[in-house]
Amino acid sequence: MIQNEEELVARMTEPSPAVREAVARIRGDIMLLGVAGKMGPSLAELLLRAGAKQVIGVSRFSDPKQRHYLDSVGVKTIQCSLIDDQALQTLPEVEHIFLLAGHKFGSTGNEPLTWVMNTWLPAKIMQRFPRSRIVYVSSGNVYQFCEASSGGSRESGTLEPIGEYAQSRLGGERLIQYYSESNRTPVAIVRLFYATELRYGVILDIAQKIKSQKPIDLAMGYFNQIWQGDANAYLARFFPLCESPARILNLTGPEILSVRETALELGQLMGIEPSFQGKESQTALLGNASELFKQLGLPTIKASQIVEWVAHWVMQENPVLNKPTKFESRTGRF
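> Residues and numbers for the pairing of strand 4 (residues 96–99), please.
Judged by which residues are buried, strand 4 turns out to be covered on both faces: His96 and Phe98 on one side and Ile97 and Leu99 on the other are all buried. Relative to strand 4, strand 1 (residues 30–33) runs parallel, the two being bridged by four bridges. Bridge pairing in strand 4 links leucine 32 to phenylalanine 98. Relative to strand 5 (residues 133–139), strand 4 is paired through four bridges, and the arrangement is parallel. Bridged to phenylalanine 98 within strand 5 is valine 135.

> Kindly report on the environment of valine 19, identifying the contributing residues and their values.
Inspection of the secondary structure puts valine 19 in helix 2 (residues 17–24). Its relative accessible area of 1% is what places valine 19 among the buried residues. Distance in space between the C-alpha atoms of valine 19 and leucine 88 is 29 Å, their sequence separation being 69 residues. The residues touching valine 19, leaving out its near neighbours within four places in the chain, are Leu46, Ala50, Ala233, Ala236 and Arg237.

> Please give an account of the pattern of salt bridges that cites residues and values.
This model, assessed by the stated rule, comprises 11 salt bridges. Residue glutamate 14 pairs with arginine 49 through a salt bridge whose shortest N-O separation is 2.6 Å. Here glutamate 14 is found in the loop between helix 1 (5–12) and helix 2, whereas its partner arginine 49 is found in helix 3 (residues 40–49), with 35 residues between them in sequence. For glutamate 14, a relative accessible area of 45% gives the class partly exposed. Here the salt bridges do not stand alone but share partners, grouping Glu5, Glu197 and Arg199 into one network.

Quick notes on the rules
Residues numbered from 1 in each chain as written. Predicted model: local features only at pLDDT ≥ 70, side-chain atom pairs only at ≥ 80, totals over all residues. Heavy atoms only, no water. Buried < 20%, exposed > 50% of the residue type's maximum accessible area, 1.4 Å probe, protein only. Helix = DSSP H or I, 4+ residues; strand = E, 2+ residues; numbered from the N terminus. Pairing = 2+ DSSP bridges. Contact = heavy atoms within 4.5 Å. Salt bridge = Lys/Arg side-chain N within 4 Å of Asp/Glu carboxyl O.

Right, dumping it as structure tokens:
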């Protein structure tokens, strides 16, 4: 059982032999744009522990503690507003780039910034680094809702982004595709569904509602998720998959989970009976990552293990990020 944040970070950043092998093949520096987000710090630390020569982390660093932590583990940090044209030009030339920057939570009510971060910025990065290999982390929200029995949307599935966050994400993808082809820049577009750790994620959201005895909304009755350590391990191995025209791959776990069944399992582990409101809709936002699994194998951590860890974490009142996923939204408002 994971007892504290130190153990959690150590678990998420422990490189597998496959990750070590992939990182060993990367020559030169690796730059993470938007490193201070939810996944950036653990991905940067994973790359360093796997043997990366130098990892550069770029962010506004509105929270100085994040920069201090990244500096302490060996990341070379650069404070930079990526939407500042002049500042963008000062960034070093790097062959391998993760574009993690984006704007989701708080996008409703701040739509102009959402489009700047999710659509305009990807285009600017592609123009600034035409000779780099770029892994762009987009969102599964670009897909149409589908029935759970379908197994989830595949990369060739119908796109029907609901709300301006999802629309802006698709806009960013389209501009990246344009510049990838016109400049022959090798790119992988990663449509990520919820990455889960013990301080953040759909499973945590459900567990917190159970503990506070609040009803769980069943309107979005099914979901995908992947352990963040596994998500980072996949990302660390993505550079050989970059192509021009840009390649698109879904990133999530192999299981389609029921909100109701997950809540009942959590409730049993926590010793608290969950309550529900509404009923399951016929469709949900779901992705199928079978193409990724063909390339890089299955994740190492199953959902049942995460449920057990989260139940313990919440009952021990360990720290959380206080960033609800708002997975229940069927309107695209975040």
